[in-house]
Amino acid sequence: SQQGEEDPQALSIQEGENATMNCSYKTSINNLQWYRQNSGRGLVHLILIRSNEREKHSGRLRVTLDTSKKSSSLLITASRAADTASYFCTVGGTGNQFYFGTGTSLTVIP
Amino acid sequence: GAVVSQHPSWVICKSGTSVKIECRSLDFQATTMFWYRQFPKQSLMLMATSNEGSKATYEQGVEKDKFLINHASLTLSTLTVTSAHPEDSSFYICSARRGPYNSPLHFGNGTRLTVT
């Protein structure tokens, strides 16, 4: 199915450190998207990277995409306590559905 | 821009009653809306995909007669949980997409449903 799987399941870092999480998928894709979810809230879109792109930046976020390995990574630089959240990826393909994995739970310790 | 409003944010109902959840795209027309449910510390599970004016496409294992989805306009979709039971207690989240397949999803803030 068109689903991304995030890794690791949980990540705990000190404020100021960088956080890296990964996403793997199995199908061919048109794009890959990263989202953040704060506890008890909906998801917030972070970055969409198209299949013909290899890297994309948005503020402190950097996303890479390796279609040969069917994987993506999300790097959050100089993390802040407010970055504490769960992070999900999903892939857009030929279908109209978007599936999510179990996410990476990031805890940034002040 | 691209705000999705979901209402109510929480609801408590008695077993056997029905509950309606609304999802509105406030500043754009949503070509497609999606309904998810999420259990504590778990992933979002896609329940159904709906396009305005047509019947929703339900995921395998989701009872269409129990979870009624209506996408009456390009800005409004509703999910009705009929004859709710305690096992239906969950966090329901809607999302909307305003463009083609390379467009991101915009999510509501979710509805916490508790069935007593």
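Residues numbered from 1 in each chain as written. Chains lettered and ligands numbered in written order. Predicted model: local features only at pLDDT ≥ 70, side-chain atom pairs only at ≥ 80, totals over all residues. Heavy atoms only, no water.

Below, the discussion takes up the nonpolar core. Membership of the largest hydrophobic core comes to 26 residues, with the highest contact counts inside it found for W35(B), Y58(B), F67(B), I69(B), L79(B), Y92(B) and L113(B). Ignoring any residue separated from it by four or fewer positions in sequence, one finds Y58(B) in contact with M47(B), A48(B), E63(B), K64(B), F67(B), L68(B) and I69(B). (Core = buried A, V, L, I, M, F, W, Y, C linked by side-chain atoms within 4.5 Å. Buried < 20%, exposed > 50% of the residue type's maximum accessible area, 1.4 Å probe, protein only. Contact = heavy atoms within 4.5 Å.)

Turning to the layout of surface pockets, a few remarks are in order. Approximately 510 Å³ is the volume attributed to the largest pocket. Taken together, 23 residues form the lining of the largest pocket, with Q37(A), S86(A), Q38(B), K41(B) and Q42(B) sitting closest to its centre. When contributions to the lining of the largest pocket are tallied by element, the ones reaching two or more residues are β9 (85–92) and β10 (104–109) of chain A. No other element matches β10(A), which puts four residues into the lining of the largest pocket. A per-class count over the lining of the largest pocket returns six nonpolar, 14 polar and three charged. (1 Å grid on protein atoms, 1.4 Å probe; cavity = no way out; pocket = protein on both sides within 12 Å on 5 of 7 lines; lining within 4 Å. Points joined across faces, edges and corners; volume = space filled by probe spheres on them. Helix = DSSP H or I, 4+ residues; strand = E, 2+ residues; numbered from the N terminus. Nonpolar A, V, L, I, M, F, W, Y, C, P; charged D, E, K, R; others polar.)

What follows covers the side chain of S103(B). Relative to the assigned elements, S103(B) resides in the loop between β9 (90–97) and β10 (106–107). Each residue touching S103(B), except ones within four places of it in the same chain, is listed here: Q33(A), L48(A) and R97(B).

Quick look at the pattern of salt bridges now. Pairing between side chains of opposite charge can happen when their charged atoms approach one another. All names here are of chain A. For the structure shown, the criterion picks out five salt bridges over all chains. The shortest N-O distance in the salt bridge between K56 and E53 comes to 4.0 Å. Judged by its relative accessible area of 24%, E53 falls in the partly exposed class. A salt bridge links E55 to R62; the shortest N-O distance between them is 3.5 Å. (Salt bridge = Lys/Arg side-chain N within 4 Å of Asp/Glu carboxyl O.)

Opposite the 20 residues of chain A that make contact, chain B presents 22 residues. Together, the buried faces of chain A and chain B total about 1800 Å²; carbon and sulfur atoms form 51% of this surface. Broken down residue by residue, the surface that chain A buries against chain B is led by N96(A), F98(A) and F100(A), which jointly contribute 28%. Along the contact surface separating chain A from chain B lie zero salt bridges. Every element with two or more residues in the side of chain A that touches chain B is listed here: β4 (31–37) and β5 (43–50) of chain A. In terms of residue class, the side of chain A that touches chain B is built from seven nonpolar, 11 polar and two charged. (Buried area = accessible area lost by both parts, 1.4 Å probe.)

Honestly, that's just the spatial picture; any functional story needs more than this.
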